[in-house]
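Here is how the chains run, residue by residue.
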Amino acid sequence: EGAMTVELSTKHDLPCSPEEFWRIYWDANFRQKLCEVANLREYRVLSQKEDELHRTESVFIAPAREFPPAVRRVLKSATAAFVEDRRWVKSESCLYWTVRPQALEDRSRCQGTLQAVSTPTGCQRVLKGEISVRMLGIGSLIERLISRNVTDSFDLSAKLIASWRS
């Protein structure tokens, strides 16, 4: 039952400053549009708190797609829904995230960072993370699925951000 770990690392160059990126990222209208293009069945903010240094939130996210049959045969609850906990440290222009999959919360670790780094043409959004699922036989399959879902939604949001700028 030894867990492997899938490393996430992806970058997008965006035509906006880091400050503008974060304004877009937290914008409710942007998020609503992102839910539509990402084909999410549900996106619900569970809690949110902000002060001058940080912004934290927990969000319930249910993708329209579920796990494939190989995974559903093994898991009682084959939902791909998850809770994402986010902690944005404003001074670092960095968001620390943890994903808690509903189907395997006690057998998985999904965490990482999202940064917006200033560039001459705007900013580079950098996602780093690691996904580890301890489940004999299908753990690596689930890790790859989660990794692909994260990367796909990240690519979608980059396109939306580029067209969103107001």
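Described in the following lines is the structure provided in the data block.

Parameters at a glance
Residues numbered from 1 in each chain as written. Predicted model: local features only at pLDDT ≥ 70, side-chain atom pairs only at ≥ 80, totals over all residues. Heavy atoms only, no water. Phe/Tyr/Trp six-rings, centres within 6.5 Å; stacked < 30°, edge-to-face > 60°. Helix = DSSP H or I, 4+ residues; strand = E, 2+ residues; numbered from the N terminus. Buried < 20%, exposed > 50% of the residue type's maximum accessible area, 1.4 Å probe, protein only. Expected span 1.5 Å × (residues − 1). Axes fitted to C-alpha atoms, helices over the stretch in contact; angles between N-to-C directions. Parallel < 35°, antiparallel > 145°, perpendicular 65-115°, else oblique. Left-handed = near helix turned anticlockwise from the far one by under 90°. Contact = heavy atoms within 4.5 Å. Pairing = 2+ DSSP bridges.

1. Topic: the packing of aromatic side chains
- Counted under the stated rule, the structure contains seven aromatic pairs.
- Judged by centre distance (5.1 Å) and plane angle (35°), the rings of Trp22 and Trp88 are tilted. Of this pair, Trp22 sits in helix α1 (residues 18-26) while Trp88 sits in strand β4 (residues 82-89), and the two are 66 residues apart along the sequence. There is no split in this pair, since Trp22 and Trp88 are both buried.
- With a centroid separation of 4.9 Å and an interplanar angle of 85°, the aromatic rings of Tyr25 and Trp26 are classed as edge-to-face.

2. So, helix α4 (residues 139-164)
- In this model, α4 (26 residues) spans 37 Å end to end at C-alpha, consistent with the 38 Å of a helix rising 1.5 Å per residue.
- Within α4 the residues assigned to the buried category are Gly139, Ile142, Glu143, Leu145, Ile146, Ser147, Phe154, Ser157, Ala158, Leu160 and Ile161.

3. Remarks on the packing of helix α2 (residues 28-37) against α4
- Running from amino to carboxyl end, α2 crosses α4 at an angle of 135°, the nearest separation of the two axes being 10 Å. Of the possible angle classes, the one that applies to α2 and α4 is oblique. The handedness of the crossing between α2 and α4 is right-handed. Listed contacts from α4 to Asn29, Phe30, Lys33, Leu34 and Val37 of α2 are Leu156, Ser157, Leu160, Ile161 and Trp164.

4. Things to note about the sheet that holds strand β3 (residues 54-63)
- The seven strands lie next to each other as β1-β7-β6-β5-β4-β3-β2, forming an open sheet whose pairing is antiparallel. The open sheet is flanked by β1 (6-14) and β2 (40-50), the only strands paired with a single partner. Across the sheet, the axes of successive neighbouring strands diverge by a mean angle of 15°, strand direction being ignored.
- Sheet topology note: the β3/β4 ladder contains eight bridges and is antiparallel. Bridged to Glu57 within β4 is Arg86.
- Running at roughly 135° to strand β6 (residues 108-119), α1 makes contact with β1, β3, β4, β5 (94-101), β6 and β7 (122-133) of the sheet.
- Each of β2, β3 and β4 is contacted by α2, which is oriented at about 155° to β2, the strand it contacts most.

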